[in-house]
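Residue-level structure breakdown
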Protein chains: 2
Amino acid sequence: MKKYIVTISREYGAGGHSIGKRVAEELGIPIYDKDIVKQTAEASGYSPELVESEGEDISRTDSIIRGIVASSVFYSDSQDVIHDVQQAIILKFAQAGPCVIVGRCADEVLRKAGIDGLHVFIYADEERRAVRVGEMLGSSNATEIRRLMSRKDASRHAYYNRYAGKKWGDGRNYHMTLDSGVLGYDLCVKLIVDAAKALDAAPAQVKKGG
Amino acid sequence: MKKYIVTISREYGAGGHSIGKRVAEELGIPIYDKDIVKQTAEASGYSPELVESEGEDISRTDSIIRGIVASSVFYSDSQDVIHDVQQAIILKFAQAGPCVIVGRCADEVLRKAGIDGLHVFIYADEERRAVRVGEMLGSSNATEIRRLMSRKDASRHAYYNRYAGKKWGDGRNYHMTLDSGVLGYDLCVKLIVDAAKALDAAPAQVKKGG
């Protein structure tokens, strides 16, 4: 493994981003998230807002619109263009050195390029995620929260299926999956940091594949 | 969580049993595997061999035989009886105190009974598992090895689906899934032991659910 490249896929509201941020801090390496959006926007010519919304989500609304306006170059091509450019940006960051990359099929992007990394998936039960999403949104509307969670998960799932060709959340696509609800964020951070350090100390283990 | 109850589900050849044994040693607690078979056999009246083969596998051959000889009480009932008795034995062990339980849908058995535990799934890529299975069998016949792996995984999958009603290997059914091929057995043992100890030190985290 190239020292400390950690990718984190996550269910919405499971704390994957917060955990990734702390993993990066503890390992003393950068975390790429907004930088990917910014550089992908610059290189693709699309707005950061579009890159943000299409860079790891395939929303059902967009799919419907695509069906209706199939003749529109904008709608039929933007997601693939953004994915391709984003993939190049992710590889650029990964090749520059140790880092944490959150979301955006980064695990599969690295795998396809033959770059080793520690691939993690973070999830939690719906109840705990709903509490966290409520806090993030400043909302206590349970219906609204559940609807948003369901929509975000479905669109990330669709994105992963489309671009990784695999089942999002299947343990076997990752090196480690963690239930942040039961284990808690602190323990998740420790387990990921320990694993990254151990793999770094024994690169031969990883060189064999995976 | 009741101190240190760890369940380990695993793909065939991924080393789940060896890892479980070392986790039990490091935590200084018993591991139940053959004891479950022995006691289930005694309590159900079925032979240890049948309990062993039907206690976590639903083989495709058996399913076919079942379809053909549906009138046979033996074939149509043994698996359910064994499952029910085995479930009671697992609960008895779990209620007696900290332990490691390998396979046999133990995660779901505990979950249904409202007993907390750290539920782990161990897997590895096919190549690494094939090497290990070859060593276990003392065989270098690649076709035979792949066929056995495929049959064992399919039957464990079917058993889990039938008795847990969930998808075997889906990260979200466990608190932690680990790729023993990439992470290595030593690191898997350490991560599980650390998680079990941390949960034991902060039981409130777990009490909330999961």
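In this text, all values refer to a predicted model and were calculated from it rather than measured experimentally. (Residues numbered from 1 in each chain as written. Chains lettered and ligands numbered in written order. Predicted model: local features only at pLDDT ≥ 70, side-chain atom pairs only at ≥ 80, totals over all residues.)

On to the relation of the copies chain A and chain B. For the pair of chain copies, the relating transformation is a rotation about an axis with a translation along it. The operation relating chain A to chain B is a screw motion whose rotation component is 180°, with 0.0 Å of axial translation and a residual RMSD of 0.0 Å. Taken together, these values place the two copies in the relation of a two-fold axis. Of the interface residues in chain A, 100% have counterparts in chain B that sit at the interface too, so the contact is made through matching surfaces. (Least-squares fit on C-alpha atoms with pLDDT ≥ 70 in both. Contact = placed C-beta atoms within 7 Å.)

Let us look at the pairing of strand β4 (residues 118-123) of chain B. Residues and elements named next belong to chain B. Counted residue by residue, β4 has 6 buried out of 6 residues, so it is predominantly covered. Residue alternation in β4 divides its side chains into two sets, L118, V120 and I122 and H119, F121 and Y123, and both sets are buried. Where β4 lies against strand β5 (residues 176-179), 4 bridges are found, and the strand directions are parallel. Bridging from a neighbouring strand, V120 pairs with M176 of β5. (Buried ≥ 20, exposed ≤ 12 C-beta atoms within 10 Å, placed from the backbone. Helix = DSSP H or I, 4+ residues; strand = E, 2+ residues; numbered from the N terminus. Pairing = 2+ DSSP bridges.)

Once that is clear, we can look at the interface of chain A and chain B. Listed as interface residues are 27 residues of chain A and, on the opposing side, 27 residues of chain B. Only β4 (118-123), β5 (176-179), α9 (180-183), α10 (185-201) and α11 (203-207) of chain A provide two or more residues apiece to the side of chain A that touches chain B. Of the residues forming the side of chain A that touches chain B, the biggest block, 5 residues, is contributed by α10(A). One ladder, built from 3 bridges, connects β5(A) with β5(B); its direction is antiparallel. Residue pairing across strands places A:M176 opposite B:L178, the latter belonging to β5(B).

Where strands meet in a sheet, backbone hydrogen bonds hold them as pairs that are either parallel or antiparallel. Strand order in this open sheet of 10 strands is β2(A)-β3(A)-β1(A)-β4(A)-β5(A)-β5(B)-β4(B)-β1(B)-β3(B)-β2(B), and the pairing throughout is mixed. Both outer strands of the open sheet, β2 (31-32) of chain A together with β2 (31-32) of chain B, are each paired with one neighbouring strand and no more. Contacts between helix α1 (residues 16-27) of chain A and the sheet are confined to β1 (5-10), β2, β3 (99-102) and β4 of chain A, with β3(A) contributing the most and set at about 175° to the helix. Against the sheet, helix α1 (residues 16-27) of chain B engages β1 (5-10), β2, β3 (99-102) and β4 of chain B, with an angle of about 175° to β3(B). (Axes fitted to C-alpha atoms, helices over the stretch in contact; angles between N-to-C directions.)

With that out of the way, let us pick up the environment of A:V182. Inspection of the secondary structure assignment puts A:V182 in helix α9. A sequence separation of 101 residues divides A:V182 from A:V81, and the C-alpha atoms of the two residues are 38 Å apart.

Further remarks concern unusual backbone geometry. Positive phi values are uncommon outside glycine, yet A:C105 reaches one of about 55°. Relative to the assigned elements, A:C105 resides in the loop between β3 and α6 (106-113). Residue classification places A:C105 among the buried positions, given that 28 C-beta atoms sit within 10 Å. Not every positive phi belongs to a glycine, and B:R104 is a case in point at roughly 65°. Positionally, B:R104 belongs in the loop between β3 and α6 (106-112). The exposure class of B:R104 is buried, given the 27 C-beta atoms found within 10 Å.

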